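# Examining the three-dimensional arrangement
This is what each chain is made of:
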Amino acid sequence: MHIIYSPSSAAIAGIHLLGTIGSLEPTSGSIHRITRSSSFRRIGGGWRHHPTAFLSSASASASSDLFNPTVSQWHEIILETRGGSSTADANANASDEEEPTNIHNSTSDDTSPIDNDNDNGNTTSTNTTNTTQPPTPLLLNFPATTPNDGSQTDPDGLPTRFLQMKKHNRDEAKAAFAEHLQWRERFRVDTLLSRPHPKYDVCKAMVPHYFSGRDPHDNVVFVQRPAILDFEIMRRNNATIEDLLLHYIYVIEYCWNILDPGHDRIMTNVLDMRGISFRNMRNQEYVGFGKRFVQMMSANYPGRSYKTLIVNAPTWFHALYKLFKPLLRESTRQKIVILKAGEQQDVALKFYLGDSLPEDLLSGDFNTKEKKNEEGGDDGLDRSHRYFIPVDDEELCAPGPNSLMEFHMRRFCIAQLHAHNTTLQEVI
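Note that this is a predicted model, so its numbers are computed, not measured.

What follows covers helix α15 (residues 404–419). The end-to-end C-alpha distance of α15 is 23 Å, a good match for the 22 Å that 16 residues give at a rise of 1.5 Å each. Most of α15 sits inside the fold, with 15 of its 16 residues counted as buried. Just beyond α15, the residue with positive phi is N421, at close to 60°.

This is the structure we're talking about:
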């Protein structure tokens, strides 16, 4: 079998996989302020008294009251962790500003859903049988700058991390930050966590990505499996690439504003390359998403990476990395660790991730699968079932797709949906 190798498509795919690494470089100053209360102590990859502790735990067989929190109780928690504005402040800010355009250019206010497919046949269900009045949605407002990000003392109001991203070229930093503010206005990022996100489970099913826990240095561990981007799930559930991109913004905003707020907080990124092949590189839909994702993260979330682990990398990926290595900043290259499936990789993962190492990252028999991938054949992945099913019982959580962090984030999303008298869209 002869492979038609396209250097341009390989280059784009390489940018997709490596660009994320280069875009998230740690800095000494970032835009988020940490005011976490001493009552929030982290242990075992989660929170001892986590931000959703007020939500009642329940088993998987619980009734429809499983997620029925008092949303207003988020006020004190958010103010303690990130310093976000109150509902009254958010309302005042919303009334003083012109309505920006979101990714669908059709929502009318900050309580409208993140996805706006409410007229198709596969919409989210509404609790029409609920006779109780749902709680008032919590209007969270997290702006682009905070008191400790350097913007208050900078003559141009620039956060330090944008200056560092542009190597202290002030003109370039001013242009980059101006574009960032326009981006936040366009997608209403400041109030994104206030709006219902009915396609949360759909987006999670489209491509595996999750917060596994914390590494030994207390950094959040974020795992992604880019090879399993499933466009069939996207089409079956009337979702779009725009939905997935906005979902990623939702996840990252949750991370830096609620899960791990702080001006100096960074994360350990894990890219699981299992299943990646030249077939991905020739898929224009896949490459197109990768380009948009990397551009979005590069421009708007710089300085947020501690280490990037590329695991289960096929042999040909090392050659691809050598091609792009000269294009990366030296500080970025020092953070990249490329590992091939096997015992040495497992030892390295245990060293870097500690107790937050997901079992599904441990090596298996990849030799046959890798050879097929190099030849452009079957990637060995079973796409007949979803990668994972969310659990409804905190006791079932473990490092991986169903970690404590993921459990709490999903509960937060459902709490906001409940406040808007709607529910998660079922994945089909």
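Our next topic: the nonpolar core. Core analysis: the biggest nonpolar cluster contains 69 residues, and F211 and Y248 have the highest contact counts within it. Considering every element that reaches this core, the biggest residue donor is helix α8 (residues 241–259), with 14 residues. In this structure F211 touches V220, V221, F222, V251, C255, L259, M267, G400, S403, M405, E406 and M409, once residues within four positions along its chain are discounted. One finds Y210, V221, V223 and V270 within the second-largest nonpolar core, a separate group that totals 13 residues.

For the rest of this paragraph, the subject is the pattern of salt bridges. In this structure the tally under the stated criterion is 17 salt bridges. D218 is the partner of R265 in a salt bridge, and the nearest nitrogen-oxygen pair spans 3.7 Å. Of this pair, R265 sits in the loop between α8 and β5 (267–272) while D218 sits in the loop between β3 (209–214) and β4 (220–224); the two residues are 47 residues apart in sequence, bridging distant segments of the chain. The class for D218 is partly exposed, based on a relative accessible area of 24%. Through salt bridges with shared partners, a single network forms among D154, D156, R170 and K174.

Here we come to the packing of aromatic side chains. As enumerated under the stated definition, the model contains 11 aromatic pairs in all. Measuring from ring centre to ring centre gives 6.4 Å for Y200 and Y250, while their planes differ by 70°; the resulting arrangement is edge-to-face. One end of the pair, Y200, is in helix α6 (residues 200–206); the other, Y250, is in helix α8, and 50 residues separate them in sequence. Accessibility classification places Y200 together with Y250 in one group, the buried group. Taken together, the ring pairs in this structure connect W183, F187 and Y301 into an aromatic cluster.

Turning next to the packing of α8 against α15. Where α8 meets α15, the closest approach of the two axes is 12 Å, and the angle between their N-to-C directions is 105°. Here α8 lies roughly perpendicular to α15, going by the angle between them. The segment α8 lies against α15, with Y250, V251, Y254, I258 and L259 engaging M405, H408, M409, F412 and C413. Taken together, the residues of the contact of α8 with α15 break down into 9 nonpolar, 1 polar and no charged.

Conventions adopted
Residues numbered from 1 in each chain as written. Predicted model: local features only at pLDDT ≥ 70, side-chain atom pairs only at ≥ 80, totals over all residues. Heavy atoms only, no water. Helix = DSSP H or I, 4+ residues; strand = E, 2+ residues; numbered from the N terminus. Expected span 1.5 Å × (residues − 1). Buried < 20%, exposed > 50% of the residue type's maximum accessible area, 1.4 Å probe, protein only. Core = buried A, V, L, I, M, F, W, Y, C linked by side-chain atoms within 4.5 Å. Contact = heavy atoms within 4.5 Å. Salt bridge = Lys/Arg side-chain N within 4 Å of Asp/Glu carboxyl O. Phe/Tyr/Trp six-rings, centres within 6.5 Å; stacked < 30°, edge-to-face > 60°. Axes fitted to C-alpha atoms, helices over the stretch in contact; angles between N-to-C directions. Parallel < 35°, antiparallel > 145°, perpendicular 65-115°, else oblique. Nonpolar A, V, L, I, M, F, W, Y, C, P; charged D, E, K, R; others polar.

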